[in-house]
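# Summary of structural features
Residue-level listing of the chains:
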Amino acid sequence: MDIKKVGVLGCGLMGSGIAQVAATAGFDVVVLEQDQKFLDKGFAGIEKSLSRLVERGPEKGGLTAEQKSQAQSRLKGTTNMRDLADCDIVIEAIIENVEEKRKTYAQLDATVKKDAIFATNTSSICVTELMTATKRPERFIGLHFFNPVPMMKLVEVVKTIATADDVYETAIAFGTKLGKVPVRTVDKPGFIVNRLLVPYLLDAIRAYEEGVGSITDIDEAMKLGCGHPMGPLTLLDFVGLDTTYYITHVMYDEFKERRFAAPPLLKRLVLAGWYGRKTGKGFYDYTDPKNPVPGKFV
Ligand code: CAA
Ligand code: NAD
């Protein structure tokens, strides 16, 4: 199957990055959001990211100004799902909530052409559970990108027990055309990366709660001790504490193991609406984005 037109559902942190990468790779892209204000926010993020890549320059893996404007010319935003009807693949990156995703997939299934592939960017939700909301089980996969999508080379390609082999191979080839490195995995909670990363991130919160170190000391220790580009608490603010909180519930429900349970502090930060960078405050206060100030919660 030849993929020419890409639909993206959601223009938040991930959807905007996925749309940007697909448009930069030469695909026509339609991004659907529930409200124009979310499209405007997502497109502003795309503009900022593309400008950073132009500043970087093609010799350092960035873009020319011409490539930036070509990518933007291929990007269309909409709040009308019917504009996705003729897409060859629809990549969903909406809120990490099973009910919301299943409801949306049922609508998508009735709207988008029958031979289109559906690909969820979910971090943790059972892909098979989303697939059963549609009548195209053999054309349903997971396509799990990493944040920030323009910078992270990995895409996990998730095969369910129902995915057709030719659809799976089309998805692998599509991931490569996007300039990503596809890895093959199956529909197990957290796939590969989050199966290992989420317990590490949650343990960082537990270590902080137990007084093992301050927020900055824990982050500095992992950056300098393990060569991580970001410490775990900075990364949690980057991923989004709301998204992380949803992920912990999905993974704990499947594994029933403490290491996947949301630490009390994470629940309280989310209840307070402190989701991290996206709301300006999480473990750190981003009033001055260049100088995040660590909170004091214990
Ligand atoms: N768009 C375009 N360019 C970007 C960018 C973006 N979103 N983010 C960073 N860059 C560019 C910057 O412009 C900069 O380029 P120059 O050197 O030319 O100025 C370069 O990348 C480095 O950026 P920074 O100086 O801001 O900082 P950095 O060196 O730390 O790189 C980073 C930023 C790539 C995000 C790096 O910090 C990193 O890799 N962090 C780890 C991210 C990570 O672990 N992601 C996985 C999260 S888990 C997940 O995604 C799965 C899930 O389901 C939750
Ligand atoms: P986000 O909150 O930044 O964006 C979600 C977007 O979905 C919002 O803009 C919201 O308006 C939109 N939305 C919600 N319901 C919708 C609907 N019915 N129709 C259209 N748009 C709708 O979240 P995010 O961080 O981009 O996460 C999105 C998905 O990607 C989740 O499944 C998450 O698990 C996954 N993911 C997140 C990361 C990360 O680091 N944040 C990494 C990989 C995968």
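Residues numbered from 1 in each chain as written. Chains lettered and ligands numbered in written order. Predicted model: local features only at pLDDT ≥ 70, side-chain atom pairs only at ≥ 80, totals over all residues. Heavy atoms only, no water.

### Focus on the sheet that holds strand β3 (residues 75–78)
On the basis of which strands lie adjacent, the open sheet formed by eight strands has the order β3-β2-β1-β4-β5-β6-β7-β8 and mixed pairing. Among the strands making up the open sheet, the edge pair consists of β3 and β8 (181–186). Each adjacent strand pair in this sheet contributes to an overall mean axis angle of 25°, direction not counted. Bridge count between strand β5 (residues 117–120) and strand β6 (residues 140–145): three bridges; the pairing is parallel. Paired with Phe118 across the two strands is Phe140, which belongs to β6. Lying over the sheet, helix α4 (residues 98–111) contacts β1 (5–9), β4 (89–92), β5 and β6, oriented at roughly 165° with respect to β5. (Pairing = 2+ DSSP bridges. Helix = DSSP H or I, 4+ residues; strand = E, 2+ residues; numbered from the N terminus. Axes fitted to C-alpha atoms, helices over the stretch in contact; angles between N-to-C directions. Contact = heavy atoms within 4.5 Å.)

### Description of the packing of aromatic side chains
Taken as a whole and judged by the stated rule, the model has eight aromatic pairs. Consider the rings of Tyr105 and Phe118, whose centres lie 5.9 Å apart with planes at 35°: the pair is tilted. Linking Tyr105 in helix α4 with Phe118 in strand β5, this pair joins segments that are 13 residues apart in sequence. With a relative accessible area of 0%, Phe118 lands in the buried category. The positively charged end of Lys159 is found above the aromatic ring belonging to Tyr168, 6.0 Å away from the centroid. The side chain of Lys281 reaches across the aromatic face of Trp274, ending 4.0 Å from its centre. (Phe/Tyr/Trp six-rings, centres within 6.5 Å; stacked < 30°, edge-to-face > 60°. Buried < 20%, exposed > 50% of the residue type's maximum accessible area, 1.4 Å probe, protein only. Lys NZ or Arg CZ within 6 Å of the ring centre and 35° of its normal.)

### Observations concerning the site of ligand 1
Around ligand 1, 18 residues are found, and the nearest of them are Ser49, Ser123, His144, Asn147 and Asn194. One of the side-chain N or O atoms of Ser49 is found 2.7 Å from a nitrogen atom in ligand 1. In this structure, Asn194 approaches ligand 1 through a side-chain N or O atom, which is 2.9 Å from an oxygen atom. Its free accessible area being 1000 Å², ligand 1 has 70% of it covered by the protein chains. Mapped by element, the contributors of at least two residues to the shell around ligand 1 are α2 (36–56), α7 (193–209) and α9 (232–239). In terms of residue count, α2 provides more of the shell around ligand 1 than any other element does, four residues in total. Classifying every residue of the shell around ligand 1 by side-chain character gives ten nonpolar, five polar and three charged. Taken domain by domain, the makeup of the shell around ligand 1 includes at least three residues from each of domain 1 (5–186) and domain 2 (193–290). (Near = heavy atom within 4 Å. Polar contact = N/O pair within 3.5 Å; in protein donor to acceptor, adjacent residues only side chain to side chain. Areas by Shrake-Rupley, 256 points an atom, 1.4 Å probe, with all protein chains shown as cover. Nonpolar A, V, L, I, M, F, W, Y, C, P; charged D, E, K, R; others polar. Domains from an automatic or database assignment.)

### Here's the deal with the packing of α7 against helix α8 (residues 215–226)
One can describe the packing of α7 onto α8 by two numbers: an axis separation of 10 Å at closest approach and a directional angle of 140°. Between α7 and α8, the angle falls in the class oblique. For the crossing formed where α7 meets α8, the hand is right-handed. Along the contact surface, α7 presents Tyr200, Ala204, Ala207 and Tyr208, while α8 presents Ile215, Ile218 and Met222. (Parallel < 35°, antiparallel > 145°, perpendicular 65-115°, else oblique. Left-handed = near helix turned anticlockwise from the far one by under 90°.)

### Some remarks on a negative patch on the surface
Residues Glu99, Glu129, Asp253 and Glu254 make up a contiguous surface patch of negative charge. Mapped onto the elements, Glu129 comes out in helix α5 (residues 127–131). (Patch = residues over 30% accessible without salt bridge, like charges linked within 9 Å, V, L, I, M, F, W, Y side chains within 5 Å. Salt bridge = Lys/Arg side-chain N within 4 Å of Asp/Glu carboxyl O. Lys, Arg positive; Asp, Glu negative; His and termini not counted. Charge placed at Lys NZ, Arg CZ, Asp CG, Glu CD.)

### Here's the deal with the site of ligand 2
With respect to spatial proximity, 24 residues lie near ligand 2, and among them Glu33, Glu96, Lys101, Ser123 and Val239 are the closest. One of the side-chain N or O atoms of Asn121 is found 3.0 Å from an oxygen atom in ligand 2. Protein chains bury 89% of the 830 Å² of accessible surface belonging to ligand 2 in isolation. Secondary-structure elements contributing two or more residues to the shell around ligand 2 are α1 (13–24), α4 and β6. The element contributing the most residues to the shell around ligand 2 is α4, with three residues. Counted by class, the shell around ligand 2 contains nine nonpolar, ten polar and five charged residues.

### Regarding the side chain of Lys68
With respect to the element layout, Lys68 can be found in helix α3 (residues 65–73). Beyond its immediate stretch of four places on either side in the chain, Lys68 contacts Glu47, Leu50, Ser51 and Val54.

### What about the domain arrangement of the chain?
One can read the domain layout of the chain as domain 1 (5–186) and domain 2 (193–290). A C-alpha centroid distance of 25 Å is found between domain 1 and domain 2. Across the domain 1 to domain 2 interface the summed buried area is about 1000 Å²; carbon plus sulfur atoms make up 65%. Our count for the domain 1 to domain 2 interface comes out at zero salt bridges. Taken together, the links from domain 1 to domain 2 amount to three residue pairs in polar contact (both at pLDDT 80 or more). (Buried area = accessible area lost by both parts, 1.4 Å probe.)

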